Amino acid sequence: MYFKLGSTRMKRLEELRVKIFADGAEKEGMLELARLPYVKGFTTNPTLMRKAGVANYAMFAQEIVAAIPDRPLSFEVLADEFEEMERQARLISGWGSNVYVKIPITNTRGESSCPLIARLTAAGLKLNVTALLTLEQVHAACEALRGTSGAFVSVFAGRIADTGVDPVPVMAQAVSIVNRLPCVELLWASSRELLNIFQAEVIGCHIITVTHDILRKLTLVGKDLTAYSLETVQQFYHDACAAGYAL
Ligand code: G3P
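A brief look at the structure comes next. (Residues numbered from 1 in each chain as written. Predicted model: local features only at pLDDT ≥ 70, side-chain atom pairs only at ≥ 80, totals over all residues. Heavy atoms only, no water.)

## Concerning the packing of aromatic side chains
Piece 1. Enumeration over the complete set of coordinates arrives at 6 aromatic pairs.
Piece 2. When the ring of F75 is compared with that of W95, the centres are 5.9 Å apart and the planes differ by 75 degrees; the resulting orientation is edge-to-face. Here the residue F75 occupies a position in strand β5 (residues 73–76), and W95 occupies one in the loop between α4 (82–93) and β6 (99–104), the gap between them amounting to 20 residues. As far as the burial class goes, F75 and W95 line up, both buried.
Piece 3. Centroid distance Y100 to F152: 4.1 Å. Interplanar angle 10 degrees. Geometry classified as stacked. Residue Y100 is located in strand β6, and its partner F152 is located in strand β8 (residues 151–156); the two are separated by 52 residues in the primary sequence.
Piece 4. Residue Y100 is classed as buried on the basis of its relative accessible area, which comes to 10%.
Piece 5. By the ring-pair criterion, three or more aromatic residues cluster together here, those being Y57, F60, F75 and W95. (Phe/Tyr/Trp six-rings, centres within 6.5 Å; stacked < 30°, edge-to-face > 60°. Helix = DSSP H or I, 4+ residues; strand = E, 2+ residues; numbered from the N terminus. Buried < 20%, exposed > 50% of the residue type's maximum accessible area, 1.4 Å probe, protein only.)

## Here's the deal with the nonpolar core
Within soluble globular proteins, side chains that are nonpolar generally end up buried alongside one another.
Piece 1. In terms of nonpolar packing, the biggest core is built from 72 residues, with F75, I103, V153 and I197 touching the most fellow members.
Piece 2. Leaving out residues up to four positions away in the same chain, F75 has contacts with T44, Y57, F60, A61, I64, V65, I92, W95, V99, Y100, V101 and K102.
Piece 3. In terms of nonpolar packing, the next biggest core, distinct from the first, is built from 7 residues, F21, L187, A189 and I207 among them. (Core = buried A, V, L, I, M, F, W, Y, C linked by side-chain atoms within 4.5 Å. Contact = heavy atoms within 4.5 Å.)

## Details of the pairing of strand β10 (residues 207–211)
Piece 1. Burial of β10 is extensive: 4 of the 5 residues sit out of reach of the surface.
Piece 2. When strand β3 (residues 19–23) meets β10, the two strands line up parallel, connected through 5 bridges. Considered in β10, the bridge of A22 is made with V210.
Piece 3. In this structure, strand β9 (residues 184–189) lies alongside β10, joined through 2 bridges in parallel fashion. Within β10, the residue paired with L187 across the bridge is I207.
Piece 4. Each parallel crossover has a hand, and for β9 linked through helix α9 (residues 195–202) to β10 it is right-handed. (Pairing = 2+ DSSP bridges. Right-handed = clockwise from strand over helix to strand, strands pointing away.)

## Concerning the sheet that holds β3
Piece 1. Strand order in the closed barrel formed by 8 strands is β3-β4-β5-β6-β7-β8-β9-β10, and the pairing between neighbours is parallel. Shown here is a sheet whose adjacent strand axes are inclined to one another by a mean of 30 degrees, direction ignored.
Piece 2. Relative to β9, β8 is paired through 6 bridges, and the arrangement is parallel. Residue pairing across strands places V155 opposite W188, the latter belonging to β9.
Piece 3. Strands β6 and β7 (127–132) of the sheet are contacted by helix α5 (residues 114–122), whose axis makes an angle of about 165 degrees with β7.
Piece 4. Across the sheet, helix α8 (residues 167–178) is in contact with β8 and β9; its angle to β9 comes to roughly 165 degrees. (Axes fitted to C-alpha atoms, helices over the stretch in contact; angles between N-to-C directions.)

## A word on helix α3 (residues 57–67)
Piece 1. Those residues of α3 that sit buried are Y57, F60, A61, I64 and V65. Looking straight down α3, one finds its buried side chains confined to an arc of 135 degrees; they lie on one side.
Piece 2. Turning to α3, the residues buried within the fold contact α1 (27–33), α2 (46–51), β5, α4 and β6.
Piece 3. With a side-chain oxygen lying 3.3 Å from the backbone nitrogen of A58, the N-terminal cap of α3 falls on N56. (Arc of directions from axis to C-beta. Polar contact = N/O pair within 3.5 Å; in protein donor to acceptor, adjacent residues only side chain to side chain.)

Below you can see the structure in the form of structure tokens.
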């Protein structure tokens, strides 16, 4: 079955070029998703880990690495000083050959992480440069990643959209910047809805990371909208009955 997005005929899910990653830190959910062949990698962040109740970061991460040794896994440094970020990056990188170390594009004072990114790249670490929201940041990250053997540049499209700006043209420009480097992939981060997967596909974005909740909606892709309308009416009717509402 094929899907439509604007005037473009969409491919089947398994034929999409954009790689779908799962964004989350619930161990059981990650292991469940690892069984799905179309989930090609995993991303985490400190906010997601806190939400999932992760108590021991290193233990959590190493359990995930042991359980999912065959797909890219992203784990973020926690420090705010570049020297300590570097130490943590080297530690995290040592957890597995499929581990990408997430380095925020700046520290909390807004100081650029690019010198650190360049140093870690020269040392051969695989990085996921994260929390980018502007094209200037994409340019700077790519410059620092020159010579990498594998890196992701994570642009937070959903947070761009949260400000009322359409992220699609921004992401399309980011694709062309990132494509100038052979081993760097653009990652559409902070997705907000399932449609973002198809938007990322159309612009040639390499990767999109999607929350577990959105991934569970993949069964809806291609669903007949008349049937979906009927289910919606039935849902409201059943909930009204179940609540015992009367007028
Ligand atoms: O993990 C990175 C990103 O996908 C999180 O996005 O905006 O929902 O916090 P956000």
